[in-house]
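Structure at a glance
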Amino acid sequence: MTERSGQPGDATGGPAPTTPVCYRHPDRETYVRCTRCDRPICPECMRDASVGHQCPECVSEGRRSVRPARTAFGGGAAGRQGYVTRTLIALNVLVMILSIASDRGGDAAAGGSGFGGLMGGSTPLTDWGAVLGLARFSDGTIGGVAEGEWYRLVTAMFLHYGVVHLLLNMWALWVLGRTLEAVLGPLRFLALYLIAGLGGNVAVYLFSAPNSPAVGASTAIFGLFAAIFVIMRRLGRDTSAIVPILVINLIFTFTVPGISVAGHLGGLVVGALMALVLAYAPRMRRTAFQAAGGAILLVALLGLVLVRTATLTG
């Protein structure tokens, strides 16, 4: 009879080898290891890597150490999706619907005044939010930016006189906005749009008759026209297709009755200035320089509003 000695195990008498199990699921056997930390991982925990597989923790750690993609001007790559452009268009359309709903006379959509309905009829909402320097209303009250209604300088860029007016501006925003948002990033593009729109409305307040109301996103749109020219030049791209479109829009500005010349030119100038700030900021301190440049433009615009207000109320 043969005797056996030693512990159960392999032929050498050593302990039996243990099968590796997933470090996150101990009940699952696996022979695959994370190529980064060498821990066993089961198929559920495997994440494809350039070589082999990695565990979820190593993938997360690697993502944290990778810098997010940025545009040539420091913006986020999310601008390629055009979310800000789409949101601005949706907001303008929503405000147009509210404007039509507020109108009991029924002339908000097609309008009886202006070139081909471009400057359709006013509504209670446009009366409330239009750029207006100083005027006496039908009920005898006095209102306008000079009377402290500064909100008009912002609300006016989201209001329109008629659907045709809205559609023209939204088409231009769709064409220009997606390109600029992809190049600048969402936040920088939004800052450009709002500052250009504000600049155009401040110009209306400065140079138009105080009792003449004005609305429309075209103040911001003209700022985008100027900005895309500046940005494309900065990137070394061809701008020959932009100039004729801009010239045509300027011809319409000066020849079509009812269009705010001051608003369009103001948006054009301020949009160009903001684009120069965004495009030519030093690379080392780009974000700080861009923010400071935008802030300086805002302060300058507010200063002009104060001067104009003192002139009208003094």
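Note: the structure precedes this text.
Below is a summary of the structure that appears in this document. (Residues numbered from 1 in each chain as written. Predicted model: local features only at pLDDT ≥ 70, side-chain atom pairs only at ≥ 80, totals over all residues. Heavy atoms only, no water.)

Turning next to the overall build of the protein chain. When helices and strands are counted, the protein chain shows ten helices and four strands. Taken from the N to the C terminus, the helices and strands of the protein chain come in the order β-β-α-α-α-β-β-α-α-α-α-α-α-α. Of all 314 residues assigned to the protein chain, the portion counted as buried reaches 43%. Of the contacts formed within the protein chain by residues at least 6 apart in sequence, a portion of 62% connects residues at least 24 apart. Accessible area for the protein chain stands at about 17200 Å²; split by element, carbon and sulfur atoms hold 62% of it. (Helix = DSSP H or I, 4+ residues; strand = E, 2+ residues; numbered from the N terminus. Buried < 20%, exposed > 50% of the residue type's maximum accessible area, 1.4 Å probe, protein only. Contact = heavy atoms within 4.5 Å. Areas by Shrake-Rupley, 256 points an atom, 1.4 Å probe, with all protein chains shown as cover.)

In this structure, Leu 173 and Leu 224 are the most contacted members of the largest nonpolar core, which totals 57 residues. At the level of secondary structure, the elements contributing two or more residues to this core comprise helix H2 (83-102), helix H5 (163-184), helix H6 (186-207), helix H7 (218-234), helix H8 (242-255), helix H9 (261-279) and helix H10 (286-313). Top element by residues in this core is H7. It accounts for eleven residues. Beyond its immediate sequence surroundings of up to four residues, Leu 173 is in contact with Thr 85, Leu 88, Ile 89, Arg 178, Phe 189, Tyr 193, Ile 221 and Leu 224. With seven residues, the next largest nonpolar core counts Cys 22, Cys 34, Cys 42 and Cys 55 among its residues. (Core = buried A, V, L, I, M, F, W, Y, C linked by side-chain atoms within 4.5 Å.)

Here we take up the pattern of salt bridges. Inspection of every chain in the model, using the stated rule, returns three salt bridges. Glu 149 is the partner of Arg 152 in a salt bridge, and the nearest nitrogen-oxygen pair spans 2.7 Å. (Salt bridge = Lys/Arg side-chain N within 4 Å of Asp/Glu carboxyl O.)

A contiguous nonpolar surface patch, about 360 Å² in accessible area, is contributed by Val 269, Leu 273, Leu 276 and Tyr 280. Structurally, Leu 273 can be placed in helix H9. (Patch = residues over 30% accessible without salt bridge, like charges linked within 9 Å, V, L, I, M, F, W, Y side chains within 5 Å.)

Let us now look at the packing of aromatic side chains. Between two aromatic rings, the relevant description is the distance of the centres plus the angle of the planes. Inspection of every chain in the model, using the stated rule, returns three aromatic pairs. Between Trp 128 and Tyr 151, the aromatic rings sit 4.8 Å apart at their centres with planes inclined by 25°, giving stacked as the arrangement. With Trp 128 in helix H3 (residues 124-129) and Tyr 151 in the loop between strand E4 (142-143) and helix H4 (152-155), this pair connects stretches of sequence that are 23 residues apart. Seen from their ring centres, Phe 189 and Tyr 193 are 6.5 Å apart, and the 50° between their planes marks the pair as tilted. One end of the pair, Phe 189, and the other, Tyr 193, are both in helix H6, four residues apart, so they sit about a helical turn from each other. Taking the ring centre of Tyr 23 as reference, the NZ or CZ of Arg 39 above it sits at 4.0 Å. (Phe/Tyr/Trp six-rings, centres within 6.5 Å; stacked < 30°, edge-to-face > 60°. Lys NZ or Arg CZ within 6 Å of the ring centre and 35° of its normal.)

Empty space among the atoms becomes visible once a probe the size of a water molecule is rolled across them. Approximately 800 Å³ is the volume attributed to the largest pocket. In terms of lining, the largest pocket is formed by 39 residues, of which the most central are Leu 168, Asn 169, Phe 222, Asn 249 and His 264. Breaking the lining of the largest pocket down by element, the ones donating at least two residues are H5, H6, H7, H8 and H9. By residue number, the principal contributor to the lining of the largest pocket is H5, which donates eight residues. Among the residues making up the lining of the largest pocket, the classes are represented as 25 nonpolar, 14 polar and no charged. The space that makes up the second largest pocket amounts to roughly 160 Å³. Along the walls of the second largest pocket sit Leu 187, Arg 188, Ala 191, Ile 195, Met 274, Leu 278, Thr 287, Gln 290, Ala 291, Gly 294, Ala 295 and Leu 298, which together make up its complete lining. Listed by contribution, the elements that provide at least two residues to the lining of the second largest pocket are H6, H9 and H10. (1 Å grid on protein atoms, 1.4 Å probe; cavity = no way out; pocket = protein on both sides within 12 Å on 5 of 7 lines; lining within 4 Å. Points joined across faces, edges and corners; volume = space filled by probe spheres on them. Nonpolar A, V, L, I, M, F, W, Y, C, P; charged D, E, K, R; others polar.)

A word on unusual backbone geometry. Its identity as a non-glycine residue notwithstanding, Asp 38 has a phi of 70°, on the positive side. Position of Asp 38 relative to the elements: it lies in the segment before strand E1 (47-48). Of the residues examined, Asp 38 reaches a relative accessible area of 47% and is grouped as partly exposed.

For the rest of this paragraph, the subject is H10. Look at H10: 41 Å from first C-alpha to last across 28 residues, which is about the 40 Å you get at 1.5 Å a residue. Among the residues of H10, those classed as buried are Arg 286, Gln 290, Gly 293, Gly 294, Leu 297, Leu 301, Val 305, Arg 308 and Thr 309. Contact partners of the buried residues in H10: H4, H6 and H9. (Expected span 1.5 Å × (residues − 1).)

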